[in-house]
Amino acid sequence: MIKLELRKETSRVMLYSTPIFAVLLTIAASMIMFAILDKDPIKAISIIFMQPLSNTFSITELVVKATPLILIAIGLSMGFRAGVWNIGAEGQFTVGALCGGCIALVFYNVEGFWILPLMCIAGILGGMAWAAIPAWLRTRFNANEILVSLMMSYVAVLLLSALVHGPLRDPDGMNFPESRIFSDSAILPILVEGTRMHIGFIVALLVVVTAWVLLSRHIIGFQVKVLGLSPRAARFGGFIESRVIWACLMVSGGLAGLAGLFEAAGPVGQLVPSLPVGYGFTAIIVAFLGRLNPIGILISGFVMALTYIGGEAAQIQMNLPSAVTGVFQGMLLFFLLGIDVLAKYRFKWFHHHHQKGT
Amino acid sequence: MSEKAFLKLSGITKQFPDIKANDGVNLSISPGEIHALLGENGAGKSTLVKMIYGIMQPDEGEMYVNGEIYVPDRPFDARAKGIGMVFQHFSLFDALSVAENIALGIDKNASQRDLNTKIVNVSNDYGLPLDPTRIVGTLSVGERQRVEIVRCLLQNPQLLIMDEPTSVLTPQEIKILFETLRKLADGGCSILYISHKLEEIRSLCSTATVLRDGKVVKTCDPRLETARSLAEMMIGSSLALPQDHGLIAGDERLVVDNLTVRSEDPFGVDLQGISFNVHGGEILGIAGVAGNGQIQLMKALIGEHPAESPTTITLDGEPMGLAKPTERRKHGMCFVPEERLGHGAIADMTLWENTILSARTRKGMVKRGFLNNSTAAGFAKEIVSAFNVKAGSVNHAARSLSGGNVQKFIVGREILQSPSVLIVSQPTWGVDAGAAADIHMALQNLAKEGTAVLVISQDLDELMAISTRFAVISGGRLSQPKPTGDMTVEEIGLLMGGVPSSAEITSEHGEQCD
């Protein structure tokens, strides 16, 4: 029989090297998969991992994809450290985009520098409001936030769709389910001319730094960590669980809402039913792949963006099925969690009968 | 006699990293015998029965069932030999019916209808009325215990192990349980009855094996003993004499006035009107068998649960009853809870991070919300050197230290904050004799400097050695504190066994449950 035994202390080297092993194993496993699909594995891997890095435009597209992933994952990682499992970032993302987008649509014929900041605030508040529902139900009735936040995602996506089909539909849009295109005052400034790389990436970098400071130097980060590791020790230390739960859900909801607004006011430029493309869920993988560490999340956000862009390129150039990106991301999380077990535990073999002293 | 024994243990020894839980235990149970296993908490009772039931394996010694060697690897093996066990804490699913719970717990497959008939038959035979279709969540604690017992009985056990079965029952339920157990014994089933309640054992059991520090002290017929003599066997009569440390009680610092707390845990103990005071310069010891309200008392003192009114707890005249832990610390209270990792310290955090948990306020580790990590590391180093904690560095996780060293670290962390009131639970649990002496010395020195020290412990020798006054907690009530020198071993043993006021306590308990 095999028994898993907790290691006394997991070494830091091991902790930080597991994501690299997970990426390598994912590459190996997907090469096998490509071979079975009768595609050239080497070519497929190089398209997915190398091509997006080969020209400037692809790199800026990488940034465009990584920005929402990093923003959302930073927020989620706070909660995950505290044992607050916000799985509904997709919904908070959608509601954030919706609220911010409404501001843009209300002022569509007004010009002003204040419109974008106002949209950002609306986006953050929208995401927070959506996250407040699981937060309240968890702290008031001890309802499981995993289920509530996940279910709320589907509500949010349908809400966006209903509004875009109805009151928010572009009056001049020939009945397409789309809002008006945002005015120039409501579109994020572009960082590199001729690309879609927008100022949201700078915000994401600031958020990474802020989160790093909070987690390593601030009492808030300490509370979050203590609550996640041992709720009873948190009470002994005088930390109030419900306050930390609220804080985590507000931060993750607000950042997801901001990411949603950036998506609507950035690459998309209007509200469309297909705005939520799963960043809220992918960000969960990003958070874990980055070891819930802000710097790690910055890196893993780019790795995950690579699978999006490279996966698309591979679909087009090698005629791979469109599920390839999802399979890739799923394998990555699977291997990461698997290796984590090996890093924290060691296998112990023991014989079924060890008779003693007969 | 030993040929006829159903279960025989010979020289059972079990060594844990810090302590020898069982040391050469011999025990023999005949068919139809109700055999008591008596001892204080930590005497090794649960380790012993866990080995009989196959949850743990002994390091040395043999077990025999009906004369055949018996080596259970898991509870399944024990049940196959006809050994059943009813745990103190039930393992039932609230949302399932009685019959479903029973079906989950037995090894054989049976149709639901057969099972229902069997449940009704067995429960009627033994005077344990039980409706198989009831949802467990709607049952009283006593009825839940019946489910566990019936689950065992359905497998026709030849030995039934009962772990502290009466601690959660009303007097009426206890009466029914005893009748059932006697009926079972008459039918030839042996019963191993674990308890520290002396009167119960005297009225129910025909043999008692008394354990102390993992060793069998005596095997006797409890009906021929007095509660007093049993108490003496259980706690030993060789208690250290109280020592005069030249401690002089000063002003009243901590006053607890009529503290009443309903436990949020259904198996927890309610605190009932606890009142005491601790003066600067003295050490008040609170003795008691585990599970008599110590944990609830500690939580109430730390402030994890607010008291009923601000004046229930006062510190140097200031009302603290509703204050949160951080505010209590700011005013000078420090705490060492009973459980080291998971309550007093975080296993996966480093030693220096663990100082932030409880010393951040008094040691100025937080400025405008930002942590001063180097102050924390400096304080951790101070603790490690002052209390001789064996740790590679303060950057190691608390998990990597041995239990005794974690204990020294936590005790040191609180003492070095120079509190005005220090409340310690189990200060020397799992530490070696030398370290225990150091901790005792540190507590006494703290008292000499004018701190009011409260020590809650199950180690009577320890309390006798260091405390200036002494009280016993039993069933959520605290006896009147007395100078340690005025207490006799008999008095303490009887108070711990809940004897003098047992009638009073149980009758009130009964009213609450009805």
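J.: Help me out: how do you make sense of the sheet that holds strand S12 (residues 271-279) of chain B in this one?
T.: The strands that make up a sheet pair up through hydrogen bonds in the backbone, lying either parallel or antiparallel. All names here are of chain B. Spatially, S12-S11-S14-S15 is the arrangement adopted by the 4 strands of the open sheet, whose pairing is antiparallel. Of all the strands in the sheet, just S12 and strand S15 (318-319) have a single pairing partner and so form its edges. When strand S14 (residues 313-315) meets S15, the two strands line up antiparallel, connected through 2 bridges. Bridging from a neighbouring strand, Thr-314 pairs with Pro-319 of S15.

J.: Could you clarify how one ought to interpret the pairing of strand S13 (residues 283-287) of chain B in this entry?
T.: Residues in a regular strand point their side chains to alternate faces of the sheet. All names here are of chain B. In terms of burial, S13 is a largely internal element, 5 of the 5 residues being buried. In S13, alternate side chains face the same way, and those of Ile-283, Gly-285 and Ala-287 on one face and Leu-284 and Ile-286 on the other are all buried. Alignment of S13 against strand S20 (residues 452-456), held across 4 bridges, turns out to be parallel. Opposite Ile-286, over in S20, you have Ile-456 as the bridge partner. Relative to strand S21 (residues 469-474), S13 runs parallel, the two being bridged by 4 bridges. Each residue of the ladder has a partner; that of Gly-285, found in S21, is Phe-470.

J.: Any chance you could explain the confidence of the model for chain B here in plain terms?
T.: If pLDDT is low for a region, its predicted coordinates should not be looked at in detail. All names here are of chain B. Taken residue by residue, chain B gives an average pLDDT of 85. The fraction at 70 or more is 90%. Contacts from residues 501-514, a stretch scored under 50 in pLDDT, to residues over four places away or in other chains number 11 contacts. In the model output, the complex is listed with pTM 0.73 alongside ipTM 0.81.

J.: Would you take a moment to explain the packing of helix H4 (residues 89-106) of chain A against helix H11 (residues 279-289) of chain A for this structure?
T.: The description of two helices packed together rests on the angle between their axes and the distance between the axes. All names here are of chain A. Across the interface, H4 lies against H11 with an axial gap of 6 Å and an inter-helix angle of 135 degrees. Compared by their axis directions, H4 and H11 come out oblique. Seen from above, H4 lies across H11 with right-handed handedness. Of H11, the residues touching H4 (which contributes Ala-89, Glu-90 and Phe-93) are Tyr-279, Gly-280, Phe-281 and Ala-283. A breakdown of the residues in the contact of H4 with H11 according to their chemical character gives 5 nonpolar, 1 polar and 1 charged.

Cut-offs used in this document
- Residues numbered from 1 in each chain as written.
- Chains lettered and ligands numbered in written order.
- Predicted model: local features only at pLDDT ≥ 70, side-chain atom pairs only at ≥ 80, totals over all residues.
- Pairing = 2+ DSSP bridges.
- Helix = DSSP H or I, 4+ residues; strand = E, 2+ residues; numbered from the N terminus.
- Buried ≥ 20, exposed ≤ 12 C-beta atoms within 10 Å, placed from the backbone.
- pLDDT = per-residue confidence, 0-100.
- Contact = placed C-beta atoms within 7 Å.
- Axes fitted to C-alpha atoms, helices over the stretch in contact; angles between N-to-C directions.
- Parallel < 35°, antiparallel > 145°, perpendicular 65-115°, else oblique.
- Left-handed = near helix turned anticlockwise from the far one by under 90°.
- Nonpolar A, V, L, I, M, F, W, Y, C, P; charged D, E, K, R; others polar.

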